[in-house]
Amino acid sequence: MNEAQRHPAIASELALLLALATLWGASYTFLKIAVATIPPVTLIAGRTLIAGLLLVAIMRWRGIALPVDAANWRRFLFQACLNSVIPWTMVAWGTRALDAGVATILNSTAPIFTFFLTFAITRHEAVTFRKLVGVVSGMVGICLIVGVQALAGLGEQLAAQIALLLAAVCYAGAAIFGRAFRDLDPMAPAAGSLLCGAAVLIPLSVVVDRPWTLAPSMNSLLALLALAVFSTAFAFVIYFRLIQTLGSVGATAQAYLRVPIGVAASVVFLGEQLSPTVGVGLACVVVGVAAMTIPQRKAAMA
């Protein structure tokens, strides 16, 4: 691939990474509105079911069939547990007890775990010093954007903080395991894993929340719909595409981008004040994401 061909390809993948970060960054706002009148388990069950059915409908329209073999569906179920069922439940529980700053920092640690799991265990892609610099730079940037004062809350509410770190480990494992679907259209593992997640969560919702007794507000229902369509269905398709093109470490770099996007949204829509270190933090995030995603010249030319 020559220089002219390679640069547009890199630019398009980085644009998709930014789109994914935006979609998942917006999910926190949708969640906050939806959970006001819809309990967490039922909310997550509805989110996965609506998103999964939407993707199946789009796949049928495109003439793409879901795999029918048991092996792929077992992998879909495992991916669902790693990428949605377990971490979303942990995040929903953990964030109720934590300050927003600490929760944001802990939620952004997935690239760190992805890097070290790849380095220590899977070795499925090149783990370079440049990527390590990117991981560290991005994490430093997150702390500076959120505000270093948030680190003072570390160690308090330990169980909730451990829950968010375990959720980040799950996201890292999901990004690595997602490489197993590289021979499938990105919509297939997205739809399959979401349907498997719904199959696990719906019975749990029936037992825990008795959803037929709920009276959700229109705002919560609209937020659930936006969460399912934009921050789940479309986001998952982009996510599985990026795992194929940028690799596991690169795809999880969106966790760093979500933070400045979320901070910018809070400033614009909620009138919140920026941390004085936000400029330096944003520069660190940009450097970190670039180091984690843009291939080195020699590797790209090879």
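### Notes on unusual backbone geometry
Inference 1: Phi at R210 takes a positive value of approximately 45 degrees, unusual for a residue other than glycine.
Inference 2: Note on placement: R210 falls in the loop between α8 (187-208) and α9 (218-251).

### Brief notes about the nonpolar core
Inference 1: Grouped together as the largest cluster of nonpolar side chains are 59 residues, with contacts concentrated most on L55, I142, Y239 and Y256.
Inference 2: Sort the elements by how many residues they give to this core and α9 lands first, with 13 residues.
Inference 3: If we ignore the near neighbours within four places in the chain, the residues touching Y256 are S108, P111, I112, G134, V135, G138, M139, I142, V285, V289 and M292.

### Things to note about the pattern of salt bridges
Working definition: two side chains of opposite charge can pair if their charged atoms are close together.
Inference 1: Here the structure, examined in full by the defined rule, presents 2 salt bridges.
Inference 2: Between E13 and R241 there is a salt bridge, and its shortest N-O distance comes to 2.5 Å. Taken together, the residues E13 in helix α1 (residues 3-34) and R241 in helix α9 connect sequence positions 228 residues apart.
Inference 3: Under the relative-accessibility criterion, E13 is labelled buried at 9%.
Inference 4: Across the pair R62 and D185 runs a salt bridge whose closest N-O atoms are separated by 3.3 Å. You can see R62 sitting in helix α2 (residues 40-62) and its partner D185 sitting in the loop between α7 (158-177) and α8, a full 123 residues away along the chain.
Inference 5: Given a relative accessible area of 42%, R62 falls into the partly exposed group.

### What about the environment of S84?
Inference 1: Of note, S84 is situated in helix α3 (residues 70-94).
Inference 2: We classify S84 as buried; its relative accessible area is 1%.
Inference 3: Sequence separation between S84 and A167 is 83 residues, and the spatial gap between their C-alpha atoms is 9.3 Å.
Inference 4: Beyond its immediate sequence surroundings of up to four residues, S84 is in contact with Q79 and T89.

### As for the side chain of N83
Inference 1: Relative to the helices and strands, N83 is located in helix α3.
Inference 2: If sequence neighbours within four positions are ignored, N83 has contacts with W88, Y171, A174, F236 and Y239.

### Digging into the packing of aromatic side chains
Inference 1: Tallied over the full model, the rule gives 13 aromatic pairs.
Inference 2: A centroid spacing of 6.3 Å and a plane angle of 70 degrees characterise the contact between F236 and F240, whose relative ring orientation is edge-to-face. Taken together, the residues span about one helical turn, with F236 and F240 both in helix α9 at a distance of 4 residues.
Inference 3: You can call F240 buried: its relative accessible area is 1%.
Inference 4: Of the aromatic side chains, those joined through ring pairs into one cluster are W24, W73, F76, F78, W88, F177, F181, F236, Y239 and F240.
Inference 5: When the ring centre of W88 is taken as origin, the NZ or CZ atom of R47, which lies over that ring, is 3.8 Å away.

### So, the environment of L20
Inference 1: Summarising the element assignment, L20 is placed in helix α1.
Inference 2: The exposure class assigned to L20 is buried, which follows from its relative accessible area of 0%.
Inference 3: For L20 and Y239, which are 219 residues apart along the polypeptide, the C-alpha to C-alpha distance reads 7.0 Å.
Inference 4: Beyond its immediate stretch of four places on either side in the chain, L20 contacts A235, I238, Y239, L242 and Q254.

### Regarding the side chain of S137
Inference 1: Relative to the helices and strands, S137 is located in helix α6 (residues 129-146).
Inference 2: Residue class for S137 comes out buried when judged on its relative accessible area of 14%.
Inference 3: Contacts of S137, omitting those with residues within four sequence positions, involve C284, V285, V287 and G288.

### Quick look at the packing of helix α5 (residues 110-122) against α6
Inference 1: Where α5 meets α6, the closest approach of the two axes is 9 Å, and the angle between their N-to-C directions is 160 degrees. Here α5 is positioned roughly antiparallel relative to α6, judged by the angle of their axes. Here α5 and α6 pass one another in a crossing that is left-handed. Two secondary-structure elements touch here, α5 through P111, I112, F115 and F116 and α6 through K131, L132, V135 and M139.

### Comments concerning the confidence of the model for the chain
Inference 1: The pLDDT averaged across the chain works out to 84; a share of 88% of its residues lies at or above 70.
Inference 2: Averaged over each element, pLDDT in the chain is lowest for helix α12 (residues 297-301) (45) and highest for α8 (95).
Inference 3: A low-confidence stretch, residues 1-7 (pLDDT under 50), is modelled with 5 contacts involving residues beyond four sequence positions or located in other chains.
Inference 4: Contacts for the low-pLDDT stretch residues 298-302, under 50 throughout, to residues beyond four places or in other chains number 3 contacts.

What counts and how
- Residues numbered from 1 in each chain as written.
- Predicted model: local features only at pLDDT ≥ 70, side-chain atom pairs only at ≥ 80, totals over all residues.
- Heavy atoms only, no water.
- Helix = DSSP H or I, 4+ residues; strand = E, 2+ residues; numbered from the N terminus.
- Core = buried A, V, L, I, M, F, W, Y, C linked by side-chain atoms within 4.5 Å.
- Buried < 20%, exposed > 50% of the residue type's maximum accessible area, 1.4 Å probe, protein only.
- Contact = heavy atoms within 4.5 Å.
- Salt bridge = Lys/Arg side-chain N within 4 Å of Asp/Glu carboxyl O.
- Phe/Tyr/Trp six-rings, centres within 6.5 Å; stacked < 30°, edge-to-face > 60°.
- Lys NZ or Arg CZ within 6 Å of the ring centre and 35° of its normal.
- Axes fitted to C-alpha atoms, helices over the stretch in contact; angles between N-to-C directions.
- Parallel < 35°, antiparallel > 145°, perpendicular 65-115°, else oblique.
- Left-handed = near helix turned anticlockwise from the far one by under 90°.
- pLDDT = per-residue confidence, 0-100.

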